[in-house]
Amino acid sequence: ALPLQEFIASLDNTSLPKILQVCSGVYFQGSIYEISGSEVCFSTGDLIKVIGIELQSVSCEDVTNNEKFELPVTHTGLFKVVPEQMPYTSVEEMLSLRPVDLDDSLPFTFVSHSKVTFGSLTLGAGKALTVLSIEKREDEEDMVRCHVKGQTEASAEVCIPLSSRGEFSECESEESYTLKEIMASPCLRSRRFRFVKTTKCERILVLSPVYQVQAIMNMRKNVLRFPSSLEVDVVDVTDVCKDANFVTPLNLTEVLSQPDKSFPVVAEILEEPESRSFFKCAWLPRLVKSTNLILHKKGTTPMVLLSSLKGRKTQQYFLVSQQYGGRFRRRPREFNSVYEVYVASTQTHSLTVSVTRNCEEVEEEGLPGLSVGERLQIVDCTRMELPSENNKGEKQSVEALLCHRLQEPDDEEDDEEDEDEEKDKQEEAKEEVLLPLYMQGHFVEVLGENKKYKLCDLGKEFSLPLDVKVVSRDTDLETDPLVGFPCLRIEGAMLEPSIQASFTDKPDHCFHLLPQWLSLSVSFTKDALPWPRDQFPKCFTEKVSEMTDTFFYEFRKKGNSDEAPPPRPPK
């Protein structure tokens, strides 16, 4: 076992990944650290897979008082190597432990603590020698060429055998290093240093790198980032645990971000959907923890939301794929106010409505009389002046809907009348009527055609909402839940990011998981797909899903919430 800092310092990115096990330290049962606002918790026995390290700073420890402080890697100050106090026993040992490559560290100076003799040359104790080069000799012992000064300042060069023994100590070098240079050399990191040209130059320091460690742990969603200075002891178990499976939980939005080549895949459910769901589907109760799903592919699915009309039965809502194969006919819309007729007229060209309930004329309020069966063709939105005056004696002007009251053609009219006269009479039959927008009334839309439509065509040709009825079922469905409703309203259309999924026992029966509306956590497994390799089954995908009223209300919230309210009648 090693302290985490010491172990990480011995690594480089080429040796990764490494699997470590937390074994002991000052936190025996577990340790929690809060780093940049996020908690990192390590318990004894945890496995940590280190996937990256990045030098963040340098920890400096004063060897005299154990005081610690940190310096950034970009620190511009310089450091000198402090010579080791323990003498070396041979010249070869001293040279082999130089803090940087030998050629780069020459020349350097050392002294002998005792008198030594090299052939005919004898040097007294304390004599300084400066190493100039190493001379490699074939079939002979390598020699060290040194420069030595005599007592009268005379100097000479001597060659001494590399194997020469004695007590040798290196002298302080004039060479200085930056923090980056020290951290890049394992030999330099093992030495002690002092500052150059600062008031603290007498302090002897041990410099240790502090890395930001990137790691993954089992059941942790994100890549963990923590400093290597955490006081935790670890042991390298890479060889023993190389086949350990580190499960990464993914929510459905994160599944969407996975590359296309990841699909199809078998995934295990780690976290079930919330109890309050938007769906009322047969597959929803089966989404339980530890169940396996097949995620076939991801994409964007065009859908429409349908609702049944309020009546004696509970109102129902359906989310329908635009691949639905049934056919629809338009149903006439019903309106309970002139304002509703006005909104529909902005979406439908030449809207014509029929009155379904008599309205009495109220001349002071500008309300005309209407009879059941009268047909009104909407022309424009304009303003009208009310007959009554306000409390200031002024005439009031309000918004109104200009309509043509269409009369039924006269059955006794001469059939041979020429076309020009017939058009003139039709023009004369159009009586203008002004309906204040605040007027209450009951109307039904008059449709001039009886055509069948595909679901995908209705949204292209008409504005929504739109009332329809299924007149021919989707033959691909065993039971079509949309058949039998006297009227369905298309509330809106949407493009939904979706994941096509199925259960492993019915891999060809698929349904859509909608990340925007379903909370689910899964992990990708390495389980084999339940079909022969490269022989994908022909999948049937559910086209109609029943939804809850909660879904409908949330859908409406996401829609046009800044719609103007209907006008109020004048005071």
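Taking an unreviewed UniProt entry as the reference, the protein is identified by name as Thymocyte selection associated family member 2 belonging to Poecilia formosa. Listed in UniProt under the heading Sequence similarities (unreviewed entry), the comment for the protein reads: "Belongs to the themis family."

Caption draft 1: Geometry of the overall build of the protein. Within the protein one finds 10 helices and 38 strands. For the protein, the residues scored as buried account for 40% of the 571 residues in total. Residue pairs in contact within the protein that sit at least 24 positions apart in sequence constitute 69% of those at least 6 positions apart. As displayed, the protein offers around 33,100 Å² of accessible surface, 46% of which is attributable to carbon and sulfur atoms.

Caption draft 2: View of the environment of Phe110. Its location among the elements puts Phe110 in strand S9 (residues 108-112). Taking the C-alpha atoms as reference points, Phe110 and Glu172, 62 residues apart in sequence, are found 8.6 Å from one another.

Caption draft 3: Quick look at helix H7 (residues 338-345). Considered for burial, the residues of H7 that qualify are Val338, Tyr339, Val341 and Ala344. Buried positions along H7 lie against strand S26 (334-337), strand S27 (352-355), strand S28 (375-389), strand S29 (395-406), strand S30 (431-436) and strand S31 (440-445).

Caption draft 4: Focus on the nonpolar core. Judged by nonpolar contacts, the single largest core of 34 residues is most densely connected at Phe279, Trp283, Leu287, Leu293, Leu295 and Leu513. Listing elements by their share of this core, those giving two or more residues are helix H6 (252-256), strand S22 (265-271), strand S23 (292-308), strand S24 (317-321), strand S34 (488-503), strand S35 (509-513) and helix H10 (549-558). Not counting the four nearest positions on each side in its chain, Leu287 is found in contact with Ile269, Glu272, Pro273, Leu293, Phe503, Leu513 and Leu518. Counting residues in hydrophobic clusters, the runner-up holds 25 residues, among them Phe335, Val341, Leu386 and Tyr438.

Caption draft 5: Structural view of the pattern of salt bridges. A full pass over the atoms with the stated rule returns 22 salt bridges. Each of Glu135, Arg137, Arg145 and Glu157 takes part in salt bridges that share partners, so that together they form one network.

Caption draft 6: A look at unusual backbone geometry. For the bond running from Leu16 to Pro17, omega is 5°, close enough to zero to count as cis. Within the secondary structure layout, Pro17 lies in the loop between helix H1 (4-9) and strand S2 (18-25). Here the residue pair Leu464 and Pro465 is connected by a cis peptide bond, since its omega of 5° sits within 30 degrees of zero. Relative to the assigned elements, Pro465 resides in the loop between helix H9 (455-461) and strand S33 (466-472). Positive phi is not limited to glycine here, since Ser290 has a value of about 75°. For Ser290, the position within the fold is in the loop between S22 and S23. Classification of Ser290 by relative accessible area gives partly exposed; the value is 48%. Not every positive phi belongs to a glycine, and Asp534 is a case in point at roughly 65°.

Caption draft 7: Region of interest: the layout of surface pockets. What the second largest pocket holds in volume is close to 620 Å³. Classifying every residue of the lining of the second largest pocket gives 11 nonpolar, three polar and nine charged.

Caption draft 8: Local environment of the state of the cysteines. For the structure shown, the criterion picks out zero disulfides. No disulfide involves Cys539; its sulfur sits 3.7 Å from that of Cys510, the nearest cysteine. Cys539 sits in the partly exposed class, given a relative accessible area of 29%.

Caption draft 9: Broad picture of a negative patch on the surface. A contiguous patch of negative charge, built from Glu361, Glu363, Glu364 and Glu365, is present on the exposed surface. Structurally, Glu363 is set in the loop between S27 and S28. Assessed through its relative accessible area of 53%, Glu363 is described here as exposed.

Caption draft 10: Region of interest: the sheet that holds strand S8 (residues 88-90). If you walk across this open sheet you meet the six strands as S8-S15-S9-S12-S13-S14, and the pairing is antiparallel. With partners counted over all chains shown, the strands left at the sheet margins are S8 and strand S14 (155-161), one partner each. Across the sheet, the mean angle separating the axes of adjacent strands is 40° when strand polarity is ignored. Summarising the sheet, strand S13 (residues 143-149) and S14 pair through seven bridges and their orientation is antiparallel. Looking at S14, one finds that Val144 is bridged to Ile160.

Caption draft 11: Representation of the sheet that holds S27. Taken in spatial order, the six strands make up an open sheet running S26-S31-S27-S28-S29-S30, and their pairing is antiparallel. Pairing within the sheet leaves two strands with one partner each, and these edge strands are S26 and S30. Across the sheet, the mean angle separating the axes of adjacent strands is 40° when strand polarity is ignored. As defined by bridge partners, S29 adjoins S30 across six bridges and the pair is classed as antiparallel. When the bridges of S30 are listed, Cys403 appears paired with Val433. Each of S26, S27, S28, S29, S30 and S31 touches H7; the most contacted strand, S26, lies at about 130° to it.

Caption draft 12: Structural context of the side chain of Ser307. Tracing the sequence through the fold places Ser307 in strand S23. Residue class for Ser307 comes out buried when judged on its relative accessible area of 1%. For Ser307, the side chain forms a polar contact with the side chain of Glu491, separated by 2.6 Å. In contact with Ser307, not counting residues within four places along its chain, are Gln315, Gln316, Tyr317, Cys487, Leu488, Arg489 and Glu491.

Reading guide: rules and limits
Residues numbered from 1 in each chain as written. Predicted model: local features only at pLDDT ≥ 70, side-chain atom pairs only at ≥ 80, totals over all residues. Heavy atoms only, no water. UniProt positions renumbered as here; feature names shortened; annotations may be inferred. Helix = DSSP H or I, 4+ residues; strand = E, 2+ residues; numbered from the N terminus. Buried < 20%, exposed > 50% of the residue type's maximum accessible area, 1.4 Å probe, protein only. Contact = heavy atoms within 4.5 Å. Areas by Shrake-Rupley, 256 points an atom, 1.4 Å probe, with all protein chains shown as cover. Core = buried A, V, L, I, M, F, W, Y, C linked by side-chain atoms within 4.5 Å. Salt bridge = Lys/Arg side-chain N within 4 Å of Asp/Glu carboxyl O. 1 Å grid on protein atoms, 1.4 Å probe; cavity = no way out; pocket = protein on both sides within 12 Å on 5 of 7 lines; lining within 4 Å. Points joined across faces, edges and corners; volume = space filled by probe spheres on them. Nonpolar A, V, L, I, M, F, W, Y, C, P; charged D, E, K, R; others polar. Disulfide = S-S within 2.5 Å. Patch = residues over 30% accessible without salt bridge, like charges linked within 9 Å, V, L, I, M, F, W, Y side chains within 5 Å. Lys, Arg positive; Asp, Glu negative; His and termini not counted. Charge placed at Lys NZ, Arg CZ, Asp CG, Glu CD. Pairing = 2+ DSSP bridges. Axes fitted to C-alpha atoms, helices over the stretch in contact; angles between N-to-C directions. Polar contact = N/O pair within 3.5 Å; in protein donor to acceptor, adjacent residues only side chain to side chain.

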